[in-house]
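What the coordinates show
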Amino acid sequence: MIRKLFENFGIAEILLVLSVLILVIVVAVPILLILWTALFVNGSLNTRDILKTLSEPETYMALKNSLIIAAGVTFFSTIAGVFFAWLVARTDLPFKETMRVLFLIPFMLPPFIGALAWKMLLSPRAGYINKFLSDLFGLDGSLFNIYSLSGIIAVETMYLFPFVFLQVAGALERMDPTLEESARISGAGLLTITRKITLPLMTPSVAAGALLVALYSLAHFGVPAILGTERGIYNIPTKIYEQIYQSGGSFGSIRTATILSSILLIAAGLILYLQNLVLKAGRFQVIAGKSMRPMLLKLRGLRIPLLLFSILYIFITVILPTATIFLVGSLKTYGISFTMENMSLANLKYIFFEWKMTKDAIWNSLYLALGAAFVTMITGTLISYSIVKIKVRGRFILEFLGLLPFSVPGTVIAIGVILMWSGKFGINLYNTAWIIFIAYIARYMAFSLKSNSAALEQVSDSLEEAARASGATHWQSLKDIVIPLIKPGMVAAFFLVFLPALRELTTSILLYGPKTRTIGVAIYALNEDGETVYAATLASVALVIIIIGQIVIKRVTRSRIEGI
Amino acid sequence: MANVSLEKVSKTYGRHQVIPELSITIRDGECFTFLGPSGCGKTVILRLIAGFERLTAGEIFIGDRLVSSVEKDVFLPPEARKIGVVFQDYAVWPHKTAYENVAYPLQMQKIPSAEAKERTLAAIEQVNLGSLENRLPFQLSGGQQQRVALARALVSRPEIMLLDEPLSNLDANLREEMRFEITALRKQTGVTILYVTHDQEVALAISDRIAVMDKTGRIRQIGPPDDIYEKPVNPFIFKFMGVSNFIPLEYRDGQVFIAEGDSPLSYSLPEGVLDRIRRHELIAGCRPYDIELTHDDSSPTRGIIKRVIFLGSTIDYRVALGAQEIRVQQDVRDAGQGGIPFRDGDSVGLNFLNLKWFENRDLNEEVES
């Protein structure tokens, strides 16, 4: 029996078992540990602690804030996303293609760096814009206060709205124009068509984008951490961080954190379930695979004003904050004016070569991101191959496990990783770089799976079978046919992990030790300590790397289209 | 070269049986076609022989090698079966040039490079692709890509070639050209070819023998093309091989009539048929061009023209015959000689030239399934 088992163990089975193993260890077990720790103490149900945690006003407030922020961000992102998507896809707006690319740039900016910039611009007393306006109008107080729920909502919206934009613009462009044309032939006016045909058809895409924003915003750490904690505004992730930080990582605080994490998990599960429903409901075939020429609305007199409005939006959300980061990052001291003699590259030299803390942070982030990107790329390929190509029983387990990383918030991953790798199972990685490394893999596996699966689905089964029939073993067919064909997808996966990992904040801040600060953690800490200028300098380094990386991704994905 | 035998082969996916117990031997050097409607499991047979799928029960031999057996727990992977496969979607590797595609099987066999080069170029020449060998697949047309696939399947001199609808993605002219090419290649190499298609025209044109399958995966008739076409064993085969009329008959007043009508049938019945018509056991089948239409009263079988369609080389009529409506086709040249072709509403005489006799209950069974 056992002999037979081994004989039947080809490459397919090895890949499958390996894939399940990786996903179970990296993702499933940590999540189960969280739920277990939240629910049970010494094997019995822990109702007392759960009730105590949930009835605390602080928890209640954090939950309320999380919900308010998520609701606000989702609402405004949906409006902005749908409006700009419609403008780009369905009107004769000038420079549409350029605008389309520009609207996606906020995607690349790390929201917490954006928050940092907005703090510099709109903090009540020291914010540049506030100061400028106060001087201009001779006011005593300040006009804007970014340290507020509405400030957090505004900043998150700026950087999350592309989720909706991307979904809706894509759907609008792929929508079969004959559906609208036949309505028009039937005598319907443009308003009727929009109301009765276009909008209902777009609802699934809009909802899918909005739910993504809700999922992300609900569990988002960076922006509330920078703009909220100063005035005592906490959401669930920042509450978890504060609890663990204040107690120095005591087990009691981690238990509380598991209870809060469970709430996030349940919310994430709920959102994912809704999204599934929406996508299923939207599966009528209105969206053709290829691009077609849709009906364009003539904006006439509004063309130029709407273009200016779009440019203004991009200027405010992208250019202004980015420029602020770069400018402040090169100042000699925070608060002085932006004149040539006040600026220099000395800060850059200082954080790169002289200050050990920032030097270490850059170095740590660099090798952690490179390592995590490489490992995630390889394992992601392996797992995607098992999901997409291997048709064996038990595949559905893998599909489910593969879905998990898409939905688990970063804070939750960090707590799970702490529970799993703090000696409980004989391995203690706490305070080492390894624990951050594992958390990155768990956090970004989803990106790699997405990119690799998409690439693999392009490779038809018969290509591999043709290789087998030509005398290639399974391994040879992978090496000679499959891997060369999905290489662009793999490279894309590498950068899709490397770039966000490089400036990761949410999990690193819960996992870093004295020697393992990352760039994200360092920027956050510098900002907390009032070293605003150095925080900005480090942030501008991160931004430069991100911009270069994005250009590389563009190159790679373009060559994929031309190559095949 | 080798024969292929399937012994009591069956395949099920979950609870769905695709191939019920099937035993068949494909002879050495033969071109054998599995012909059937889509979803009948013909491709599955090919994939079982290639080793892309595992059997549920039974055994498969290629030559005298046992390649798949459930009972004896034998499964040879595809790469060890010495086969060439041509797929419906070409499956030409997009990152390799035509030359690299064709050379790959030899590379896998570790053939010395000088010989490999010679054989690769020969195979490319054989499919008339000379001078295009350095192109990438996206620079080739569909037909050229399929030639690359054919050369790739041939180059390692396999014992059998498996072709899965290789022509169905090509346009009509190319299809005909490739059909000739496959036949020519077979003559040159003597390889055993297993061909899978739903297109009866291609099957008739290239096969030594055809196995016609129905939707349940059962083989209903095996034989050479002319047998399948001229001597169909049941109405299913007759219907599947081309446009067909089924004409129910009844016997009354000492004469055979078209059922539910007043037209008598003028046809010299083979021996024994009359008795069976009297017992309502038989139904007549005929092809549209096996019926002659006449203006005069020479035939007692009368019908009314319902619709005339000009198809170029032929003219297609629908003729009401009692309660039946049948299709009749006439060569344009014949029609021209007979004077003016028939028009809607004309009353015509029908002469049946070639009737085939089927069991009435078989037709009912077909209708039910």
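Just so we're clear, the structure is a prediction, and the values are computed from it rather than from any experiment. (Residues numbered from 1 in each chain as written. Chains lettered and ligands numbered in written order. Predicted model: local features only at pLDDT ≥ 70, side-chain atom pairs only at ≥ 80, totals over all residues.)

Focus on helix H4 (residues 142-154) of chain B
Residue and element names in this part refer to chain B. Test applied: Going along the chain from the N terminus, every DSSP run of H or I of four or more residues is numbered as a helix, and every run of E of two or more is numbered as a strand. By this rule, a helix spans an expected 1.5 Å times one less than how many residues it contains. Here a residue counts as buried when 20 or more other C-beta atoms sit within 10 Å of its C-beta, as exposed when there are 12 or fewer, and as partly exposed otherwise, the C-beta atoms being derived from the backbone. This entry defines residue contacts through backbone-placed C-beta atoms, with two residues in contact when those atoms are within 7 Å.
In this model H4 runs 18 Å from its N-terminal to its C-terminal C-alpha over 13 residues, within 8% of the 18 Å that 1.5 Å per residue would give. Burial analysis of H4 places eleven of its 13 residues in the buried class, the great majority of the element. The secondary structure elements touched by the buried residues of H4 are strand S7 (83-86), helix H2 (98-108), helix H3 (113-126), strand S8 (160-164) and helix H5 (172-189).

Section: the confidence of the model for chain A
Residue and element names in this part refer to chain A. Keep this limit in mind: The pLDDT value tells you how sure the predictor is about a given residue, anywhere from 0 up to 100.
Of all residues in chain A, 93% have pLDDT values of 70 or greater, and the mean over the chain is 84. Here helix H1 (residues 2-7) stands out as the element of chain A with the lowest mean pLDDT, 48, in contrast to helix H8 (residues 149-160), whose mean of 93 is the highest. Every residue in residues 284-291 scores below 50 in pLDDT, and together they form eleven contacts with partners more than four places removed in sequence or on other chains.

Describing the pairing of strand S13 (residues 249-252) of chain B
All names here are of chain B. As a reminder, the rule being used: Here a strand pair is declared whenever DSSP counts at least two bridges between the two strands.
The sheet contact formed by S13 and strand S14 (residues 255-258) spans four bridges and is antiparallel. Note that in S14 the partner of Tyr 251 across the bridge is Val 256. The turn linking S13 back onto S14 is made up of two residues, and Asp 253 within it adopts a positive phi angle of 50°.

A closer look at the nonpolar core
Among soluble globular proteins, nonpolar side chains are generally buried collectively. Rules: For our purposes the nonpolar core covers buried Ala, Val, Leu, Ile, Met, Phe, Trp, Tyr and Cys residues that link as a set through C-beta atoms within 7 Å. Start and end positions for the domains come from either an automated domain assignment or a database one.
The biggest cluster of nonpolar side chains holds 149 residues, and the ones touching the most others in it are Leu 116, Ala 372, Val 417, Val 497 and Leu 538 of chain A. No other element matches the 13 residues that helix H20 (residues 433-458) of chain A contributes to this core. The residue makeup of this core includes at least three contributed by each of domain 1 (11-34 + 346-564) and domain 2 (66-235 + 305-329) of chain A. Not counting the four nearest positions on each side in its chain, Leu 538 of chain A is found in contact with Ile 351, Thr 358, Ile 519, Ala 522, Ile 523 and Leu 526 of chain A. Counting 107 residues, the second-largest nonpolar core is a separate cluster that includes Ala 467 of chain A together with Trp 93, Tyr 104 and Ile 182 of chain B.

Here we look at the interface of chain B and chain A
As a reminder of what qualifies: Note on residue categories: nonpolar means Ala, Val, Leu, Ile, Met, Phe, Trp, Tyr, Cys or Pro, charged means Asp, Glu, Lys or Arg, and polar means any other residue, Gly included.
Taken together, the 19 residues of chain B in the interface contact 16 residues of chain A. For the side of chain B that touches chain A, the secondary-structure elements that each account for two or more residues are S7 and H2 of chain B. Looking at the side of chain B that touches chain A residue by residue, the class counts come to twelve nonpolar, four polar and three charged.

Section: unusual backbone geometry
All names here are of chain B. Its identity as a non-glycine residue notwithstanding, Asp 73 has a phi of 55°, on the positive side. Residue classification places Asp 73 among the exposed residues on the basis of 9 C-beta atoms within 10 Å. Although it is not a glycine, His 280 sits at a positive phi angle of roughly 60°. For His 280, the location among the structural elements is in the loop between helix H9 (273-278) and strand S15 (282-286).

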